[in-house]
Amino acid sequence: MTGSDVRYSPLIDRIHSDGADGWEVHAKAMAAVARGEEAIVLSVGDPDFDTPAPIVEHAVVALRAGDTHYSNIPGREHVRAAVAETMAAQTGLDLSSRNVIISAGTQGALLGASLCLLGAGDEVISLDPMYLTYEATLCVGGATMVRIGQPASTGFRPDVAAIGAAITKRTRAIAITTPNNPTGVVMTRGELDGIAALAMAHNLWVIADEVYGGLVFDGEHVSIASLPGMAERTVTVSSLSKSHAMTGWRIGWAVGPETLIDHMDALQLNVNYGVPGFIQEAAREALLTCDAESEAMRTTYRRRRDLAVDILSAAPGLSVLVPEAGMYVLADVSSLADSSRAFANDLFDATNVSVLDAGAFGEAAQGWVRIGFMTSDEELAEGCRRIVNFVNGL
Ligand SMILES: Cc1ncc(COP(=O)(O)O)c(C=O)c1O
């Protein structure tokens, strides 16, 4: 049944983004695994760790105690307060629960911020390469995305002058991701100062995705909201998905000015009626008591980064960008194949190792592939060795 003569709303055109095509090799790898075939999946964005036991236990206890009813829409007071305290401790900002809404992951917070800040006729400046959902999420309300390249030639650093030159009367917001997916670049205080100055000079919002903020290896993670004058015009979105291996729990948050949070609350009433209470309780436990578990994961990712970079660097013709944060390493394959997509496909067909075409994240990353390290050291090392052998054989 296709329903071919029925009509859909105009937003349908805006929610189907090309980014999804980038996952075809990953889908192929998962299908191979499902058939029981051997494959090394380095294309995934999901931590291989289990959620730490105290967090799971907390959810189970809450469920057994009957925490299965509607929860309050913007999140429970003490859970919002835990997020406010955590971010206040990291940034020095004066925050309360009124500055926080609990959402269905960073993704839910991004969509809420987008719908409350951006409308038809608005422009949002976004830095390319960017996470695959951004175009659809930021443009669903009718805004236009203006992509500014973070060029490979600069190590995918933000180009503050180019951002400034792209600002028009229609610009409403600048969306940034630090640390970045897929590049692993952590913006410096100086870069953020430059973006903050533009936002203040042109009365813009900044939408700051900091979901990898807990996984920094080199340099410091700076929240742009903490820079002078920025808290009132910044919405910071994040979650426990990466830092605490909680992708499937679907819990995150937005932190911003109270009025924006009130608007996002009104929207959330109509979207999902709030995040389940037992999940909120587990997330609070994670925030308050699981720093050591999160730190252990960061240390492991750092070790795997070094391992992957070490092995991949042995392949002549494959240049690797050492990520400052996150769970992925980018490799330049532009001199090895017609396109990074073709490289990823050929690599999988020849070696059963799946990596992602980073070109799916934006034009600036065409010619690069993203290699994830959400697998054991042994499997990661074997995957990287197969990549090196494949490249050597080209
Ligand atoms: C940059 C970025 N933002 C947001 C998300 C979505 O995260 P969450 O699970 O918190 O919704 C991801 C997931 O990979 C991501 O890479």
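Values in this document were obtained by computation on a predicted structure and should not be read as measured data.

## Observations concerning the overall build of the chain
Within the chain, the secondary structure is distributed over 13 helices and 13 strands. Relative to a compact globule of 394 residues, whose C-alpha radius of gyration would be 21 Å, the chain shows 21 Å and is just as compact. Principal-axis analysis of the C-alpha atoms gives the chain an extent of 60 × 55 × 55 Å. Across the 394 residues that make up the chain, the buried fraction comes to 51%. Once local pairs closer than 6 in sequence are excluded, the contacts in the chain between residues at least 24 apart make up 74%.

## Digging into the sheet that holds strand β9 (residues 319-321)
What the four strands build is an open sheet, ordered β9-β10-β13-β12; its pairing is antiparallel. Of all the strands in the sheet, just β9 and β12 (356-357) have a single pairing partner and so form its edges. Summarising the sheet, β12 and strand β13 (residues 368-372) pair through two bridges and their orientation is antiparallel. Bridging from a neighbouring strand, D357 pairs with V369 of β13.

## So, the sheet that holds strand β6 (residues 205-209)
Here we have seven strands laid out as an open sheet, ordered β2-β8-β7-β6-β5-β3-β4, and mixed in their pairing. Looking along the sheet, the strands with just one partner apiece sit at the ends: β2 (100-103) and β4 (144-149). Mean inter-strand twist for the sheet, computed between neighbouring axes without regard to direction, equals 20°. Across four bridges, the pairing between strand β7 (residues 234-239) and strand β8 (residues 252-255) is antiparallel. Directly across from S239, in β8, lies its bridge partner G252. Sheet contacts for helix α4 (residues 77-91): β2 and β8; angle to β2, the most-contacted strand, approximately 115°.

## A look at the packing of helix α3 (residues 53-64) against helix α10 (residues 277-289)
Two elements in contact, α3 and α10, have axes separated by 8 Å at closest approach and are oriented at 145°. Here α3 and α10 pass one another in a crossing that is right-handed. Facing α3, whose interface residues are P54, I55, H58, A59, A62 and L63, α10 presents G277, F278, I279, E281, A282, E285, A286 and T289. Here the contact of α3 with α10 is composed, by residue class, of nine nonpolar, three polar and two charged.

## As for the nonpolar core
Core analysis: the largest hydrophobic core is formed by 124 residues, its most contacted members being A113, A173, I174, I195, V206, I224 and V369. No fewer than three residues from each of domain 1 (12-50 + 292-392) and domain 2 (53-289) sit in this core. When neighbours within four sequence positions are excluded, A173 is seen to be in contact with L117, L118, V124, L204, W205, V206 and I207.

## So, the site of the ligand
Around the ligand sit 13 residues, and of these G105, T106, Q107, S239 and S241 come closest. Residue composition of the shell around the ligand, grouped by class: two nonpolar, 10 polar and one charged.

## Considering the domain arrangement of the chain
When cut into domains, the chain gives domain 1 (12-50 + 292-392) and domain 2 (53-289). Each of domain 1 and domain 2 has a C-alpha centre, and these two points are 25 Å apart. Tallying the contact residues gives 33 residues for domain 1 and 35 residues for domain 2. At the level of elements, α1 (12-15), α11 (291-312), β10 (328-332) and β13 are the ones that each hand at least two residues to the side of domain 1 that touches domain 2. The greatest single-element share of the side of domain 1 that touches domain 2, amounting to six residues, is contributed by α11.

## As for helix α9 (residues 258-271)
Over its 14 residues, α9 runs 20 Å from end to end, which matches the ideal 20 Å to within 8%, given 1.5 Å per residue. Looking only at α9, the buried set comprises L260, I261, M264 and Q268. For α9, the buried positions fall inside an angular range of 95° around the axis, keeping them on one side. Of the exposed residues in α9, those oriented more than 90 degrees away from the buried face are E258, T259, A266, L269 and N270. Looking one or two residues past α9, Y273 carries a phi angle of roughly 60°, positive in sign.

## Quick word on the environment of L215
Structurally, L215 is set in the loop between β6 and β7. Considered as a pair, L215 and E295 are 80 residues apart in the sequence and their alpha carbons are 8.4 Å apart. Not counting residues up to four positions away in its chain, the partners in contact with L215 are P179, K242, S243, R298, Y301, A325, G326 and M327.

## A closer look at the environment of A143
Assignment of secondary structure puts A143 in the loop between α6 (134-139) and β4. Given 23 C-beta atoms within 10 Å, A143 falls into the buried group. A C-alpha to C-alpha distance of 9.6 Å links A143 and R170, two positions 27 residues apart in sequence. If sequence neighbours within four positions are ignored, A143 has contacts with L118, G119, D122, E123, V124 and L138.

Conventions we followed
- Residues numbered from 1 in each chain as written.
- Predicted model: local features only at pLDDT ≥ 70, side-chain atom pairs only at ≥ 80, totals over all residues.
- Helix = DSSP H or I, 4+ residues; strand = E, 2+ residues; numbered from the N terminus.
- Rg over C-alpha atoms; globule rule 2.2 N^0.38 Å.
- Buried ≥ 20, exposed ≤ 12 C-beta atoms within 10 Å, placed from the backbone.
- Contact = placed C-beta atoms within 7 Å.
- Pairing = 2+ DSSP bridges.
- Axes fitted to C-alpha atoms, helices over the stretch in contact; angles between N-to-C directions.
- Left-handed = near helix turned anticlockwise from the far one by under 90°.
- Nonpolar A, V, L, I, M, F, W, Y, C, P; charged D, E, K, R; others polar.
- Core = buried A, V, L, I, M, F, W, Y, C linked by C-beta atoms within 7 Å.
- Domains from an automatic or database assignment.
- Near = placed C-beta within 6 Å.
- Expected span 1.5 Å × (residues − 1).
- Arc of directions from axis to C-beta.

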